Amino acid sequence: MLFQRHQYQWLKFRVQRHVSILNSDSTIRACFVLQILEINSKTITVQPSSILDSVSGTIFANRSKAKLQQFLWEDALLDAQKVIELEPLSHVGYQLKHTALHGAQRYGEAVEAFQIMLAKLDSARGMQIRKLRDKYVSPFRAEGIIQKLIDVQLQSVPLRLLNTNTGLLCDREAQISAFKTTAEYEQLLLSIMKHADLPMERIADTVSKYFRYVMLSHRWGENEPLLHDIQDNVVYELKAVGGLVKLQSFCKLARHAGYHWAWVDTCCIDQNNNVELQSSLNSMFSWYRRSALTVVYLSDVPPSSKSGALAKSAWNTRGWTVPEFLAPKVIRFYQQDWTPYLDDHSPNHKESVEIIDELEDATGIYERVLVAFQPGMRDARQKLQWVSTRATTIPEDIAYSLFGIFGIHLPILYGENAQNALGRLLQEIVARSGDITALDWVGQPSEFNSCLPAHISSYAAPPRALPYLSEDQIQTVVSSLRHTAAVDQALKLYDQLVNMSAPRFANCRLRLPCIVFPVTEVRRRSGPDQEASSTYTVKADGLDDLSITTEENLIQFSRLRPTRRTFLLVRPWDRRLLELPEFADDEENLGDCPQFESPLDGSDESVVDSSGEEGLADSESCSRALRLIVRLGQPFGAFLLAQQRGGEYKRIASDYDITAEVKDVSSVHTMMDIRTLEIL
């Protein structure tokens, strides 16, 4: 008994000495300590646990730490487990176990070990232990943080996505469940639990990266798989026929590129659910916008095709493909055999000069717009021209495909007919933006409103090119007008036009602010009787005579032979002529109209009054008013309106643009009849 006591004291002394060495010099943990402790290990383990548990736990803990430094995960795990057995109430063993499991990439088990470690810390006493516990986040709170970020991320993600790894179609719940089974989720959970101060940006980046998705842009073919064809089935295991070949190839391509999720319009939308269909069509532009990659599949472009094949592809004739290539930030084109178009393996074909140049020539859309398109109301007439020659299987879709381009959300009403769908879109553009360029068209009038076209093809011709004066010419005319009695009247006219309301639509009726010129004579010119259209000479107060060709049969009259029906030639009021800052500075908003130079650039020094700021302000107002007079004296696009029985008007559609011009610029201010007309 005495011998055993002395043996224990001697062993305890050696162990404590070893521990002291281990704590004071970490550089020998991996060599000296391992060698000595291997010799003593058997002796230690055969002693009664009640005597050596505490000291032995410290020995194994330090040996586990040493092995962790050597990345010996499994060995460190064994020692950590021994610490747990020797000191089950301590958090140390579970902390070491967690670290070893994390290093071995056994993340699920590492999370469990960390949770037990937190439970041990929660039940421990002492200020130091409590401070240690405060450094960590509970599993419940960590999961809540991740869930909130998942909810935010999925707000802008399609309702259903194809899991490229499993080949299964997943709804929201299945997408989240799939994430929670991944190593990425478990690593993120551990990081949050271990670091209470972990930046939210890092957490959000991890969530965002996992839920990145790839969109497909393609032309629908025969036998495309629909939702019911693939739901609850593994896409990769279905028989590869018809559109399934395309679907499988697309999913494999997305998976190979490192993306977990993919979306295809044929099978990821329930076409029979009107609510879902409407929501999806209104969200589609933003889905393409937020995609990590959009793949364009050119099914009719053979392998190894040369430049020019993209422009000739049927994909380039479809209405829906316009937003599908404008919205994404990253896009790649693939040929029939799923090889990159022009063998271009760059990550983003929007950065390929050769491909974008070809797309620019094929679509008529400028390169800078193709690369960095911004949705909105700007350049409405130009955007309408982009799709004017394209086709959609369902007539209404030609209008619906433009909703995202203009940043508009409207009800999707299949069966309303194409005229009504286009009319609702154009009505919204004019009403929200005040942009009247959408009224610049040639063709048949719409039943929705006579100021709107019946078909999108009416925008195919470029906007009319009107002559305009150079800045030097404008200044010359302004100077000549400044010394006449026209200045006061010009200021009054300017103030009147500043206060004109914007165009407004209500119940298919357009309230259009106009400058009105009453028609005094309509006379038909002689021509073949079999012609569908007739040409008329039209005279109006204050305007040069002009010719109008139309399919409508107009009443002929003159001052000597008047008619009870009122006809007007009108100039739709365009606020950009005022040269107010919000218009003068917004060059993109001017579309294809002449770019007016500011009158305050110093080109007309006479406007500067040395008497002070008040004089300068008066001179500036005078200059703007006179410049307005000059611009109103230039040729303009006119509408011919015919009054209806209820006092409203209808636009007479013409075969060609109607370009009118005032007779005398100096008398413009005396002939201005400004009204807001209601047009059916």
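Notes on the structure follow. These numbers were taken from a predicted model, which means no experiment stands behind them.

### Brief notes about unusual backbone geometry
- Positive phi values are uncommon outside glycine, yet Asn 223 reaches one of about 55°.
- Turning to its location among the elements, Asn 223 is positioned in the loop between strand E3 (213–217) and helix H12 (227–230).
- Residue class for Asn 223 comes out exposed when judged on its relative accessible area of 66%.
- Even without glycine at this site, Trp 338 takes up a positive phi of about 65°.
- For Trp 338, the position within the fold is in the loop between strand E6 (331–334) and helix H17 (353–363).
- Exposure remark for Trp 338: the relative accessible area of 15% places this residue in the buried category.

### Overview of the sheet that holds strand E4 (residues 261–263)
- Judged by pairing direction, the sheet is mixed, and its 6 strands sit side by side in the order E2-E1-E4-E3-E5-E6 without closing on themselves. Only two strands of the sheet have a single partner each, and these edge strands are strand E2 (169–170) and E6.
- Here strand E5 (residues 293–297) runs beside E6; their pairing, made up of 4 bridges, is parallel. Within E6, the residue paired with Tyr 297 across the bridge is Tyr 334.

### Quick word on the pairing of strand E8 (residues 509–524)
- Pairing geometry for strand E7 (residues 504–506) and E8, over 3 bridges, is antiparallel. Bridge assignment links Arg 504 to a residue of E8, and that residue is Arg 511.
- Taking the residues that link successive antiparallel strands as the turn, the E7-E8 hairpin has 2 residues, and the phi of Asn 507 there is positive, at about 55°.
- Across 5 bridges, E8 lies against strand E11 (residues 567–572) in antiparallel orientation. Its bridge partner lying in E11, Phe 517 is registered against Leu 569.
- Bridge count for E8 against strand E9 (residues 534–540) is 5 bridges, and the pairing is antiparallel.

### Here we look at the environment of Asp 361
- In this structure, Asp 361 sits in helix H17.
- Through-space distance from the C-alpha of Asp 361 to that of Ala 311 is 7.9 Å; in sequence the pair is 50 residues apart.

### Focus on the nonpolar core
- Counting 146 residues, the largest nonpolar core has Leu 162, Leu 326 and Phe 333 as the members making the most contacts within it.
- Among the elements that line this core, the one with the most residues is helix H6 (residues 107–123), at 8 residues.
- Discounting chain neighbours no more than four positions away, the residues touching Leu 326 are Arg 289, Lys 350, Ile 365, Val 369, Leu 370, Phe 373, Trp 386 and Ile 405.
- Formed by 45 residues, the second largest nonpolar core is a distinct cluster that contains Val 538, Leu 626, Leu 628 and Ile 652.

### Let's talk about a negative patch on the surface
- The grouping of Glu 354, Asp 357, Asp 361 and Glu 367 at the surface amounts to a negative patch.
- Among the elements that line the negative patch, the one with the most residues is H17, at 3 residues.

### Overview of the packing of H6 against helix H10 (residues 183–194)
- Across the interface, H6 lies against H10 with an axial gap of 9 Å and an inter-helix angle of 25°. Comparing the axis directions of H6 and H10 gives the class roughly parallel. Considering how the two elements wind past one another, H6 and H10 form a crossing that is left-handed. Contacts between H6 and H10 involve Tyr 107, Gly 108, Ala 110, Val 111, Phe 114, Gln 115 and Leu 118 on the former and, on the latter, Ala 183, Glu 186, Gln 187, Leu 189, Leu 190, Met 193 and Lys 194.

### Quick look at the pattern of salt bridges
- Across all of its chains, the model carries 23 salt bridges by this definition.
- Here Arg 511 makes a salt bridge to Glu 678, at a shortest N to O gap of 3.8 Å. Of this pair, Arg 511 sits in strand E8 while Glu 678 sits in strand E16 (residues 673–679); the two residues are 167 residues apart in sequence, bridging distant segments of the chain.
- Relative accessible area serves as the criterion here: at 26%, Glu 678 is assigned to the partly exposed category.
- The network of salt bridges with common partners includes Glu 471, Glu 579, Arg 627 and Arg 631.

Calculation criteria
- Along each chain, the written sequence defines residue order, and numbers are assigned to residues from 1.
- Where totals are concerned, whole chains, interfaces and linings use all residues; where local detail is concerned, this predicted model gives features only for residues with pLDDT of at least 70, and gives and counts side-chain atom pairs only at 80 or more.
- To obtain the side-chain values, all non-hydrogen atoms of the structure were used and water was disregarded.
- Where helices and strands are cited, they refer to DSSP runs of H or I of at least four residues and of E of at least two residues respectively, numbered from the N terminus.
- Between buried and exposed lies partly exposed: a residue is buried under 20% and exposed over 50% of the maximum accessible area for its type, with that area taken using a 1.4 Å probe on protein chains only.
- A pair of strands is labelled paired if DSSP reports no fewer than 2 bridges between them.
- Within this scheme, the nonpolar core is defined by two criteria: the residues are buried Ala, Val, Leu, Ile, Met, Phe, Trp, Tyr or Cys, and they are joined through side-chain atoms within 4.5 Å.
- Whether two residues are in contact is decided by their heavy atoms, any of which lying within 4.5 Å being enough.
- Any residue with relative accessible area above 30% and no salt bridge may belong to a patch, with like charges joined within 9 Å and the nonpolar Val, Leu, Ile, Met, Phe, Trp and Tyr side chains within 5 Å.
- Note on areas: Shrake-Rupley with a 1.4 Å probe; residue coverage comes only from the protein chains shown.
- Every case where a carboxyl oxygen of Asp or Glu lies within 4 Å of a side-chain nitrogen of Lys or Arg is listed as a salt bridge.
- Lys and Arg are tallied as positive, Asp and Glu as negative. Neither His nor the chain termini are counted.
- Each charge is placed at NZ for Lys, CZ for Arg, CG for Asp and CD for Glu.
- Axis geometry follows a simple rule: fit a line to the C-alpha atoms, using only the stretch in contact for helices, then measure angles between N-to-C directions, giving values from 0 to 180 degrees.
- An angle below 35 degrees is treated as roughly parallel, one above 145 as roughly antiparallel, one from 65 to 115 as roughly perpendicular, and anything else as oblique.
- Should the near helix be turned counterclockwise from the far one by less than a right angle, the crossing is left-handed, whereas a clockwise turn marks it as right-handed.

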